[in-house]
Amino acid sequence: MNIELRQLRYFVTVAEEMHFGRAAIRLHMTQPPLSQAIQSLEAMLGVQLFRRTSRSVALTPAGTALLPEAQRILQQTAALPDLMRRAASGASGRLSLAFVSTADYSVLPPFLREFRESYPGVEIDLREATTDVQLDDLMQGRIDVGLLIPPLPDKAKLQLDYLPVLSEPLILAAPKGLKALRGKQSVALQALADLPLIIFPRRIAPAFHDAILACYRDAGLTPHIGQEAIQMQTIIGLVSAGMGIALVPQSVSNLKRPGVDYKPLANKTPLVETGLAWRRDNASPVLNAFLELLRKK
């Protein structure tokens, strides 16, 4: 069976007009070829679609069942050019985006808000993942783009492009009420040397881990690592529970947790960078639209 869109359009027009003559005028054709086209469709389907008399035309049960389906098919067909144009421009489709937990308190919310406002037809698949997991997912093509903490390993650099989006200092997250913090606008690590440190495992974010240890080293201290955790929410939760202190990116202070004080460090601290990584060979129009929007910022 090879039903043509032309035949469905003829059928729908006759069904709407309930008159072959008026339908022929709407279709800019004469009545005989219209009647022949409907008869051909009926023969193809093996059912009668209209009851015809010299004075009236009416749909049969089969015609009544076909009408909404035929209208749906014609509407979807009419929408195809716009759908294809939108897909080609990145205005519709799907974007899979992974992010490190720290990005949830800094760049991720404004990025998503601006992208949704500009491209409401794009479906965004979000997942939280550590940098090492993101790199593997990117290399395997399981996600389109990742918000992660650099640097990229040499192997990844062969396949991935990278765009820095944020650099911020480390600050102190400490249990509320510590005597060393009272009345202080900033605090030196030396005043907290005996407190356990809560930190990301190095395998998860080596640059972040090393930046924290460098703060201690530059202060002439050796940290006592009390706990390791892979999620920023968990680290701040452990600080709130009095399990130790943590050095976190400044934007994490947006995570308001009872029992936690955030303070700038008096010590010189390195900047922690967050950036976007994506496969160089990913030609997704949606990904290109996302990146172009961020490059304009």
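Details of the structure are given in the entry above.
Every value quoted in this text rests on a predicted model; they were computed, and no experiment measured them. (Residues numbered from 1 in each chain as written. Predicted model: local features only at pLDDT ≥ 70, side-chain atom pairs only at ≥ 80, totals over all residues. Heavy atoms only, no water.)

Remarks on the pairing of strand β8 (residues 225-228)
Using the following cut-off: Paired strands are those between which DSSP finds at least two bridges. To qualify as a helix, a DSSP run of H or I must reach at least 4 residues; to qualify as a strand, a run of E must reach at least 2; elements of each kind are numbered from the N terminus. Crossovers are marked right-handed if the path from the first strand over the helix to the second runs clockwise, as seen with the strands pointing away from the viewer.
As paired strands, strand β7 (residues 197-199) and β8 are joined by three bridges and run parallel to one another. Paired with Ile198 across the two strands is Gln227, which belongs to β8. For the segment spanning β7, helix α8 (residues 206-218) and β8, crossover handedness is right-handed.

Points about the nonpolar core
Which entries qualify depends on this criterion: By convention a nonpolar core is built from buried Ala, Val, Leu, Ile, Met, Phe, Trp, Tyr and Cys residues, the set being connected through side-chain atoms within 4.5 Å. Whether a residue is buried, partly exposed or exposed follows from its accessible area with a 1.4 Å probe, protein chains only, as a fraction of its type maximum: under 20%, in between, or over 50%, in that order. By the convention used here, residues are in contact when the closest approach between their heavy atoms is within 4.5 Å.
If you look at the biggest cluster of nonpolar residues, it comprises 72 residues, and the most contacted ones within it are Leu172, Phe208, Met232, Ile236, Val248, Tyr262 and Phe290. Discounting residues that sit within four places of it in the chain, Leu172 has contacts with Leu181, Val187, Leu192, Ile245, Ala246, Leu247, Asp261, Tyr262, Lys263 and Leu265. One finds Ala15, Ala23, Leu27 and Ala70 within the second-largest nonpolar core, a separate group that totals 23 residues.

Some details on the pattern of salt bridges
Stated formally: Note on definitions: salt bridges are taken to be side-chain nitrogens of Lys or Arg within 4 Å of carboxyl oxygens of Asp or Glu.
Evaluation of the coordinates by the stated rule reveals 16 salt bridges. The partner of Arg26 in a salt bridge is Glu17, with the nearest N and O atoms 3.0 Å apart. We note a salt bridge from Arg127 to Asp125, for which the minimum N-O separation is 2.8 Å. For Arg127, a relative accessible area of 28% puts it in the partly exposed group. Of the residues examined, Asp125 reaches a relative accessible area of 21% and is grouped as partly exposed. What you see here is one network of salt bridges that share partners, running through Glu16, Glu17, Arg22 and Arg26.

Description of the packing of helix α5 (residues 108-118) against helix α10 (residues 285-295)
We apply this condition: Here the axes come from fitting lines to C-alpha atoms, over the contacting stretch only for helices, and the angles between their N-to-C directions go from 0 to 180 degrees. Our angle categories are set so that under 35 degrees counts as roughly parallel, over 145 as roughly antiparallel, 65 to 115 as roughly perpendicular, and the remainder as oblique. Note on convention: near helix rotated counterclockwise from far helix by under a right angle means a left-handed crossing. Clockwise means right-handed. In this classification, Asp, Glu, Lys and Arg are treated as charged, Ala, Val, Leu, Ile, Met, Phe, Trp, Tyr, Cys and Pro as nonpolar, and every other residue, Gly included, as polar.
It is at 11 Å that the axes of α5 and α10 come closest, and there the two elements cross at 120°. When the axis of α5 is compared with that of α10, the two are oblique. For α5 against α10, the interelement crossing comes out right-handed. Note on element contacts: α10 touches α5 through Val286, Ala289, Phe290, Leu293 and Leu294, opposite Phe111, Glu114, Phe115 and Ser118. Residues belonging to the contact of α5 with α10 are distributed by class as follows: seven nonpolar, one polar and one charged.

Describing the pairing of strand β5 (residues 145-148)
The side chains of a regular strand alternate, residue by residue, between the two faces of the sheet. Of the two faces of β5, the one lined by Val145 and Leu147 and the one lined by Gly146 and Leu148 are each fully buried. Summarising the sheet, strand β3 (residues 93-99) and β5 pair through three bridges and their orientation is parallel. Residue pairing across strands places Phe99 opposite Leu147, the latter belonging to β5. With four bridges joining them, β5 and strand β11 (residues 271-279) adopt antiparallel strand pairing. Note that in β11 the partner of Val145 across the bridge is Trp278.

Digging into the side chain of Glu168
Keep this limit in mind: His is not counted, nor are the chain ends; Lys and Arg add positive charge and Asp and Glu add negative charge. Here a polar contact is taken to be a pair of N or O atoms separated by no more than 3.5 Å, where protein atoms must pair a possible hydrogen donor with a possible acceptor and residues adjacent in sequence count only if both atoms sit in side chains.
Relative to the helices and strands, Glu168 resides in strand β6 (residues 160-175). No salt bridge forms around the buried Glu168; measuring N to O, its nearest opposite-charge neighbour Lys256 is 12 Å away. At a separation of 3.4 Å, a polar atom in the side chain of Glu168 contacts the main-chain amide nitrogen of Gln250. Apart from the residues within four sequence positions on either side, Glu168 is in contact with Pro249, Gln250, Ser251, Pro270, Leu271 and Val272.

Thoughts on the environment of Ala98
Secondary-structure assignment places Ala98 in strand β3. Looking at Ala98, the relative accessible area reads 1%, which means it is buried. Between the C-alpha atom of Ala98 and that of Phe111, which follows or precedes it by 13 residues, the distance is 13 Å. Ala98 has contacts with Arg127, Ala129, Gln134, Ile143, Val145, Gly146 and Leu147, leaving out every residue within four places of it along the chain.

Overview of the packing of aromatic side chains
Where we set the bar: Classification of ring pairs uses Phe, Tyr and Trp, with its six-membered ring standing for Trp, and accepts pairs whose centres are within 6.5 Å; under 30 degrees between planes counts as stacked, over 60 as edge-to-face, and the remaining range as tilted.
Considering all chains together, one arrives at five aromatic pairs under this definition. With a centroid separation of 5.1 Å and 35° between ring planes, the pair formed by Phe115 and Tyr119 is classed as tilted. Three or more aromatic residues joined by ring pairs form one cluster here, namely Phe11, Phe20 and Phe50.

Side note on the environment of Leu287
Position of Leu287 among the secondary structure elements: in helix α10. Counting along the chain gives 246 residues from Leu287 to Leu41, while the straight-line C-alpha distance between them is 44 Å. Non-local contacts of Leu287, meaning those with residues more than four positions away in its chain, are made with Leu95, Asp144, Val145, Trp278 and Asn282.

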